[in-house]
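What the coordinates show
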Amino acid sequence: MSCIERTKFLLWSRPVFRTCEIIANHAARIFENGRSLANARAELDELNQKRMRYQRVLNRIGASHSHVCMECKGKCCGGARERDAFTDRVLQHPDTPHRLGRRKTGNMAAYDVAPERVTSTVAHVEGECVPGFCPELTTRGCRIPYELRPIQCTAYFCNATINELSPKECRTGSKALIGLMKVQIAAALLALKSRGRKS
């Protein structure tokens with residue numbers, strides 16, 4: 001039973017999620033008319049609250065495999081990484097001037113979020129950056145609170161981490177991943193709907 005649940009979670013967190021993330025992200029960017037999504041603040045805020053809730057769930061189940069990440073030393077954060085996606089930015093900061101699909105430079109969307117809009121229970125991590133890795137990775141972990149990290153970062157689970165999860169954690173994680181995919185799809189549909197709104 002545990003093998004089946006782990007396999008399902010692996011499929012949700014890797015090929016299924018990645019495919020959905022790429023399609024929904026680029027669809028939202030293409031559907032948006034100029035900066036029309038900036039006029040849908042209430043809807044974006046609601047989607048962003050859901051995104052943070054699902055990411056908190058993934059953070060909770062991930063606590064059981066933190067030792068695996070420490071042994072790995074952040075290989076999944078290695079190399080020149082594409083940064084936050086279009087949907088990450090507009091959900092957290094609708095007025096963001098960065099409207100491209102992804103970017104490899106500049107601050108992540110989390111840095112543009114006003115502190116009063118965030119109820120993060122995770123402190124920002126201070127520490128030296130790790131050369132050759134994502135600029136947000138420090139010697140003490142990622143400097144961005146989990147609920148504010150790019151969706152793709154929180155949705156990724158490698159084989160070693162999944163092997164540490166119980167069947168119940170895998171089921172819970174699968175539901176959270178499906179929820180995150182629904183948020184991304186809803187953002188793309190909102191972008192399509194926003195084309196008719198007046199600026």
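What this report covers is the structure whose coordinates are included nearby. Everything quoted here is computed from the prediction, not taken from an experiment.

Rules used throughout
Residues numbered from 1 in each chain as written. Predicted model: local features only at pLDDT ≥ 70, side-chain atom pairs only at ≥ 80, totals over all residues. Heavy atoms only, no water. Patch = residues over 30% accessible without salt bridge, like charges linked within 9 Å, V, L, I, M, F, W, Y side chains within 5 Å. Areas by Shrake-Rupley, 256 points an atom, 1.4 Å probe, with all protein chains shown as cover. Salt bridge = Lys/Arg side-chain N within 4 Å of Asp/Glu carboxyl O. Helix = DSSP H or I, 4+ residues; strand = E, 2+ residues; numbered from the N terminus. Buried < 20%, exposed > 50% of the residue type's maximum accessible area, 1.4 Å probe, protein only. Axes fitted to C-alpha atoms, helices over the stretch in contact; angles between N-to-C directions. Parallel < 35°, antiparallel > 145°, perpendicular 65-115°, else oblique. Left-handed = near helix turned anticlockwise from the far one by under 90°. Contact = heavy atoms within 4.5 Å. Core = buried A, V, L, I, M, F, W, Y, C linked by side-chain atoms within 4.5 Å.

1. Things to note about a nonpolar patch on the surface
- A cluster of nonpolar side chains, contributed by Ile-185, Leu-189 and Leu-192, occupies part of the molecular surface with about 270 Å² of accessible area.
- Secondary-structure assignment places Leu-192 in helix 7 (residues 167-194).
- Judged by relative accessible area, Leu-192 falls into the partly exposed class, the value being 41%.

2. Digging into the packing of helix 2 (residues 41-62) against helix 7
- Two numbers describe how helix 2 lies on helix 7: the axes approach to 9 Å, and their chain directions differ by 160°. For the element pair helix 2 / helix 7, the angle class is roughly antiparallel. In this structure, the crossing between helix 2 and helix 7 has a hand that is left-handed. Note on element contacts: helix 7 touches helix 2 through Glu-169, Thr-172, Gly-173, Ala-176, Leu-177, Gly-179, Leu-180, Val-183, Ala-186, Ala-187 and Leu-190, opposite Glu-43, Leu-44, Leu-47, Lys-50, Arg-51, Tyr-54, Gln-55, Val-57, Leu-58 and Ile-61.

3. With respect to the environment of Ala-28
- Tracing the chain through its elements places Ala-28 in helix 1 (residues 2-31).
- Looking at Ala-28, the relative accessible area reads 1%, which means it is buried.
- Setting aside its immediate chain neighbours within four residues, Ala-28 contacts Phe-86, Thr-87, Ala-187, Ala-188 and Ala-191.

4. Focus on the nonpolar core
- With 31 residues, the main nonpolar core has Phe-9, Phe-17, Leu-37, Leu-58 and Phe-157 as its most contacted residues.
- Residue contributions to this core peak at 10 residues, all from helix 7.
- Each residue touching Phe-17, except ones within four places of it in the same chain, is listed here: Leu-11, Trp-12, Ile-151, Gln-152, Ala-155, Leu-177, Leu-180, Met-181 and Gln-184.
- Grouped together as the second largest cluster of nonpolar side chains are seven residues, Met-108, Ala-110, Cys-142 and Leu-148 included.

5. Points about the pattern of salt bridges
- Following the criterion strictly, the structure yields eight salt bridges and no others.
- As a salt-bridge pair, Arg-102 and Glu-21 come within 2.4 Å of each other at their nearest N and O atoms. Placement of Arg-102 in the loop between helix 4 (86-92) and strand 1 (137-138) and of Glu-21 in helix 1 is noted, with a sequence separation of 81 residues between them.
- Take Glu-21: its relative accessible area is 0%, and that puts it in the buried class.

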